[in-house]
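Below, each chain spelled out in residue letters.
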Amino acid sequence: MKKLIIAAGTGFLGQVLVNHFKDKFEEIVILTRGKSHIIEGIKYVNWNAKTFSGWENELENATVLINLAGKSVDCRYTKENKKEILLSRIESTKILNKAVLNCENPPKHWLNSSTSTIYRFSLDKEMDEINGEIGNDFSINVALSWEKAFFKTETPNTLKTALRTSIVLGKNGGAFIPLKTLAKIGFGGKQGKGNQFISWIHEEDFANAIDFIVQKEITGVINIVSPKPVRNFDFMKKLRKAVGSPFGIPMSAFLLEIGSFFIRTETELVLKSRNVIPKRLLENGFKFKFGDIDEAFKNLLNK
């Protein structure tokens, strides 16, 4: 493939994708709020994710565009943070829509971040792309607005896919690092009631799934999650076993509220039951390398 553009590609997921695709594209361009430069053959181009400043020219003749832009939800949901969480997603998506439409030879396929949090809290029903039930809260409404901003502008010459991604477990970033630390120091017990589901995906399967979607030209919404959601109780128990911790102090919802206040985050990130399955990936023939959480932990802890 010729050219890959990753908008906001300097973070954890961006680097996972760069490592996966570096030998599969002739050219990789990262749109970043940092300085424009070239490092190890990767071209970094400055953008502010709001307005044109020359970065838009990079989209010409691109094979694939992947947009990962959006303020992290790992923060307190203050009025100011809520506004930034929403606008950072909407504005970047809207300006990319304009850029794509302005191209003489636009990207062939645009994959835009979304989230598996778009589905309602569920302790029973598995949520897929066809029969999944959309909820109604701040995070869900952000996801709905994000996908609306993405799809409402038609791009006749560019395929579009919204990636409803779960927690991505990786060796060098994301949620796995703090969870592993908690388990090692004895705080790896259940969180809240512990019956809430965790939808997750290993970093290699995340990158492989993106690759698969591009190769198969799959469009519309697609869940980027492992086929086996795990209850929080079992997730933490298996993680304790994987790190060799003999016990794990459970954290009640009340204690989590106190702790989240001090570390400036929200309990929703661990207490919401995300019971999401990858129906479209499986129906199209995608094979997971790490579909089982025990195998995923084993790989991630193998140095």
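Residues numbered from 1 in each chain as written. Predicted model: local features only at pLDDT ≥ 70, side-chain atom pairs only at ≥ 80, totals over all residues. Heavy atoms only, no water.

Chemist: I'd love a proper account of the packing of helix H6 (residues 232–243) against helix H10 (residues 293–300), names of residues and values included.
Modeler: The contact between H6 and H10 brings their axes to 10 Å, and the two run at 40°. Classified by chirality, the crossing of H10 by H6 is right-handed. Contact residues: H6 offers Phe235, Lys238, Leu239 and Ala242, while H10 offers Ile293, Asp294 and Phe297. Counted by class, the contact of H6 with H10 contains five nonpolar, no polar and two charged residues. (Axes fitted to C-alpha atoms, helices over the stretch in contact; angles between N-to-C directions. Helix = DSSP H or I, 4+ residues; strand = E, 2+ residues; numbered from the N terminus. Left-handed = near helix turned anticlockwise from the far one by under 90°. Contact = heavy atoms within 4.5 Å. Nonpolar A, V, L, I, M, F, W, Y, C, P; charged D, E, K, R; others polar.)

Chemist: Could you give an account of the layout of surface pockets, naming the residues involved and the relevant values?
Modeler: Considering only enclosed or pocket space, the second largest pocket measures out at about 310 Å³ in volume. Around the second largest pocket, the lining comprises 13 residues; the ones closest to its centre are Gln15, Val16, Asn19, Asn172 and Glu203. Within the residue set of the lining of the second largest pocket, elements represented by two or more residues are helix H1 (12–21) and helix H5 (203–216). The element contributing the most residues to the lining of the second largest pocket is H1, with five residues. Counted by class, the lining of the second largest pocket contains three nonpolar, seven polar and three charged residues. (1 Å grid on protein atoms, 1.4 Å probe; cavity = no way out; pocket = protein on both sides within 12 Å on 5 of 7 lines; lining within 4 Å. Points joined across faces, edges and corners; volume = space filled by probe spheres on them.)

Chemist: Explain the side chain of Glu203 to me, and be specific about the residues and the numbers.
Modeler: Relative to the assigned elements, Glu203 resides in helix H5. Buried charge Glu203 goes without a salt bridge, the closest partner of opposite sign being Lys171 at 6.0 Å. The residues touching Glu203, leaving out its near neighbours within four places in the chain, are Phe12, Val16, Val168, Leu169, Gly170, Lys171 and Leu300. (Buried < 20%, exposed > 50% of the residue type's maximum accessible area, 1.4 Å probe, protein only. Lys, Arg positive; Asp, Glu negative; His and termini not counted. Salt bridge = Lys/Arg side-chain N within 4 Å of Asp/Glu carboxyl O.)

Chemist: Lay out a positive patch on the surface in plain terms, naming residues and giving numbers.
Modeler: Among the surface-exposed residues, Lys94, Lys98, Lys148 and Lys152 lie close enough to one another that they form a single positively charged patch. Examined against the element boundaries, Lys94 turns out to sit in helix H2 (residues 79–102). Exposure remark for Lys94: the relative accessible area of 41% places this residue in the partly exposed category. (Patch = residues over 30% accessible without salt bridge, like charges linked within 9 Å, V, L, I, M, F, W, Y side chains within 5 Å. Areas by Shrake-Rupley, 256 points an atom, 1.4 Å probe, with all protein chains shown as cover. Charge placed at Lys NZ, Arg CZ, Asp CG, Glu CD.)

Chemist: Can you tell me about the pattern of salt bridges, naming the residues and giving the values?
Modeler: Side chains that differ in sign of charge can pair as their charged atoms come close. Overall, the coordinates contain 10 salt bridges when judged by the stated rule. We note a salt bridge from Glu147 to Arg164, for which the minimum N-O separation is 2.8 Å. With Glu147 in helix H3 (residues 138–151) and Arg164 in strand S7 (residues 159–165), the pair connects residues that are 17 residues apart, well separated along the chain. Here Glu147 matches Arg164 in class, with each residue buried. One salt-bridge network, in which partners are shared between bridges, spans Lys3, Lys43 and Glu58.

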